[in-house]
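Observations on the model geometry
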Amino acid sequence: MASCPVPSVSSVVAGARQVYRESFGASEPVVAVCAPGRVNLIGEHTDYNQGFVLPMALPLVTVMVGSPTPDRSVSIVTVAEGADEPRRVDFVLPNDSATPIAPGMPKWANYVKGVLQHYRAGPLPGFQAVLASSVPLGGGLSSSASLEVAVYTFLQQLCPDDGDAVSKALACQKAEHTHAGMPCGIMDQFISVLGKDGHALLIDCRSLEATLVPLTDQGLVILITNSNVRHSLTGSEYPSRRRQCEEAAATLGKSSLREATLEDLEGAQGQLDKETYRRARHVIEEIGRTERAAAALREGRYHEFGELMVDSHNSLRYGDTELRMCVLVDL
């Protein structure tokens, strides 16, 4: 099986600069930023249940290059593969920060508009910019959070905020909630903001505390494979699954499944339908599994870590994973 080379950040930036010159007939853009995609090693469906997740940032990035304009007009071009049409949007920022920036079409622009809406400083100037990305859309590597964080980082260069990284991640998460209609947890935005090369990041999604887990062993290789199953949170079962988990927590009298034990769940099994029970059980077990996995990785117990990853997959296997993914795990 042929491997796919990862484009360098400099090559993605160079391509975006070229498109900028072609699109706007102007001199070089004065700002260039990027934000990484991510892969989650373990901790599936735990972030919106206030549990633990263990993602790592990737060398795949979203790049944004551009320059401010003297008025409040915004023009953005995307060259991201798979983005819907049109590939250029033009609009004017409202004079009042309380005035909403309405989502619409194309869908990719809604992530940009959401970040503009929830940016934590102002007033923002207009700008013209180009977006480019090496994060595959629909590949499950968090292209949306990478886009949001790149846009936020770009805006920080035009109109600096207070620099608080956690607040930045939360603003990007809110953008996805309000403008993309996706009730995502905090993991994707958090790792895109706080990820560090050569490390995974254990995130406590209740306290928002994060602990770097070194991946410095030269004998350690993390293989990311493409199942060719297109991933789309907004068109998936994700929102309904989140509702089921919230309903299960409410049935147990808990603020989230982070507060629940297996004993709590067993005691309420008769009050839950089979699917909700199974998904709640996965979350409760997965939270503990993720903590153990982080410890195993930190201490170099890689076989144990791999077993926990397989346990995580098997916990989701029935009805929640696509056949091609199951085949990859079984290889």
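Small disclaimer: the values here were computed from a predicted structure and weren't measured. Residue numbering note: each chain is counted from 1, following its sequence as written. It should be noted that, the model being predicted, local features are given only for residues of pLDDT at least 70 and side-chain atom pairs only at 80 or more, the latter also being counted only at that level, while totals for whole chains, interfaces and linings use all residues. Only hydrogens and water are removed before side-chain values are computed, so all heavy atoms of the structure are retained for them.

Thoughts on the packing of helix α3 (residues 143-158) against helix α5 (residues 187-194)
It is the contact of α3 with α5, at a shortest axis distance of 9 Å, that shows an interaxial angle of 50 degrees. Our classification of the angle between α3 and α5 gives oblique. As for how α3 packs across α5, the hand of that crossing is right-handed. For the pair α3 and α5, the contacting residues are A145, S146, E148 and V149 in the first and D188, Q189, S192 and V193 in the second. Residue polarity follows a fixed list, in which Ala, Val, Leu, Ile, Met, Phe, Trp, Tyr, Cys and Pro are nonpolar, Asp, Glu, Lys and Arg are charged, and the others, Gly among them, are polar. Class assignment for the residues of the contact of α3 with α5 results in 3 nonpolar, 3 polar and 2 charged. All axes here are fitted lines through C-alpha atoms, helices being fitted over the stretch that makes contact, and every angle between N-to-C directions spans 0 to 180 degrees. Helix and strand assignments come from DSSP, with helices taken as H or I runs of at least 4 residues and strands as E runs of at least 2, each series counted from the N terminus. Angular relationships are summarised with four words: roughly parallel below 35 degrees, roughly antiparallel beyond 145, roughly perpendicular across 65 to 115, and oblique for the angles in between. What makes a crossing left-handed is the near helix being turned counterclockwise from the far one by less than a right angle; a clockwise turn instead makes it right-handed. Contacts are assigned to residue pairs that have any heavy atoms within 4.5 Å of one another.

What about the pairing of strand β1 (residues 31-42)?
Remark: exposure states derive from per-residue accessible area (1.4 Å probe, protein chains only) relative to the maximum for the residue type, with buried under 20%, exposed over 50%, and partly exposed in between. The buried fraction of β1 is high, at 10 of 12 residues. Two strands qualify as a pair provided DSSP detects at least 2 bridges between them. Relative to strand β2 (residues 52-68), β1 is paired through 10 bridges, and the arrangement is antiparallel. Paired with N40 across the bridge in β2 is P55.

Let's talk about unusual backbone geometry
The general pattern is negative phi for most residues beyond glycine and trans for most peptide bonds. Omega for the peptide link from E85 to P86 comes to -5 degrees, which places this bond in the cis form. For P86, the location among the structural elements is in the loop between β3 (73-78) and β4 (88-92). At the junction of G122 and P123, the peptide bond is cis and its omega measures out at 0 degrees in the coordinates. Residue placement: P123 occurs in the loop between α2 (107-118) and β5 (127-133). Of note, H45 is a non-glycine position whose phi angle comes to about 65 degrees, a positive value.

What about the pattern of salt bridges?
Oppositely charged side chains can form a pair if their charged atoms are brought close together. The rule for a salt bridge is simple: a side-chain nitrogen of Lys or Arg has to be within 4 Å of a carboxyl oxygen of Asp or Glu. This structure, assessed with the given rule, holds 17 salt bridges. D162 serves as the salt-bridge partner of R120, at 2.8 Å between the closest nitrogen and oxygen. Here R120 is found in the loop between α2 and β5, whereas its partner D162 is found in the loop between α3 and α4 (165-179), with 42 residues between them in sequence. Salt bridges here are not isolated pairs; linked through shared partners, they connect R17, R21 and E28.

Points about the packing of aromatic side chains
A pair of Phe, Tyr and Trp rings is counted when the ring centres sit within 6.5 Å of each other, with Trp represented by its six-membered ring. The angle between the planes then sorts it: under 30 degrees is stacked, over 60 is edge-to-face, the rest tilted. For the structure on display, the rule yields 4 aromatic pairs. In this structure, K113 is placed above the aromatic ring of F91, and the distance from its NZ or CZ to the ring centre is 5.4 Å. The rule is short: NZ of Lys or CZ of Arg within 6 Å of the ring centre and within 35 degrees of the ring normal puts a charge over the ring.

A look at the pairing of strand β7 (residues 209-214)
Bridge count for strand β6 (residues 199-204) against β7 is 6 bridges, and the pairing is antiparallel. Across the sheet, the residue bridging to A200 is V213, located in β7. Taking the residues between adjacent antiparallel strands as the criterion, β6 and β7 are bridged by 4 residues, where L208 takes a positive phi near 65 degrees.

With respect to the side chain of H45
Positionally, H45 belongs in the loop between β1 and β2. Among the polar contacts listed, one links the side chain of H45 to the side chain of Y48, at a separation of 2.9 Å. Sequence-distant contacts of H45, defined by excluding residues within four places in its chain, comprise Y238, R241, V283 and L316. Each polar contact in these results corresponds to two N or O atoms within 3.5 Å; when the atoms are within protein, one needs to be able to donate a hydrogen and the other to accept it, and residues that are neighboring in sequence are counted only if both atoms are side-chain atoms.

Quick word on the environment of Q156
When you line up the elements, Q156 lands in helix α3. When the C-alpha atoms of Q156 and A121 are compared, they prove to be 8.5 Å apart, with 35 residues separating the residues in sequence. Q156 has contacts with Y119, D161, G163 and K168, leaving out every residue within four places of it along the chain.

Thoughts on the nonpolar core
By size, the foremost hydrophobic cluster in this structure holds 38 residues, and its most contacted members are L41, L54, A200, L257, L265, L297 and F305. Elements supplying a minimum of two residues to this core: β1, β2, β6, α6 (238-251), α8 (274-298) and α9 (302-320). Per-element tally for this core: the top contributor is α8, with 9 residues. With sequence-adjacent residues up to four places away left out, L265 is seen in contact with L252, L272, Y277, A280, R281 and I284. By nonpolar core we mean a set of buried residues, namely Ala, Val, Leu, Ile, Met, Phe, Trp, Tyr and Cys, connected to one another through side-chain atoms within 4.5 Å. Of all hydrophobic cores here, the second largest spans 35 residues; its members include A80, A83, V115 and Y119.

Some points on the environment of H199
In this structure, H199 sits in strand β6. If near-sequence neighbours (up to four positions away) are discounted, H199 is found in contact with M56, L212, V213, P214 and L215. Among the polar contacts listed, one links the side chain of H199 to the backbone oxygen of D197, at a separation of 3.0 Å.

Describing α5
In an α-helix, one turn spans 3.6 residues; hence positions three or four apart end up facing the same way. With 6 of 8 residues buried, α5 is to be regarded as a mostly interior element. Of all the residues in α5, the buried ones are M187, D188, Q189, F190, I191 and S192. For α5, the elements touching its buried residues are β1, β2, α3, α4, β6 and β7.

A short note on the packing of α3 against α4
At a minimum axis separation of 10 Å, α3 and α4 run at an interaxial angle of 125 degrees. As the angle between them shows, α3 and α4 are arranged oblique. Crossing hand, α3 versus α4: right-handed. On α4, the residues that touch S144, A145, E148, V149, Y152, T153 and Q156 of α3 are K168, A171, C172 and E176. In terms of residue class, the contact of α3 with α4 is made up of 5 nonpolar, 3 polar and 3 charged.

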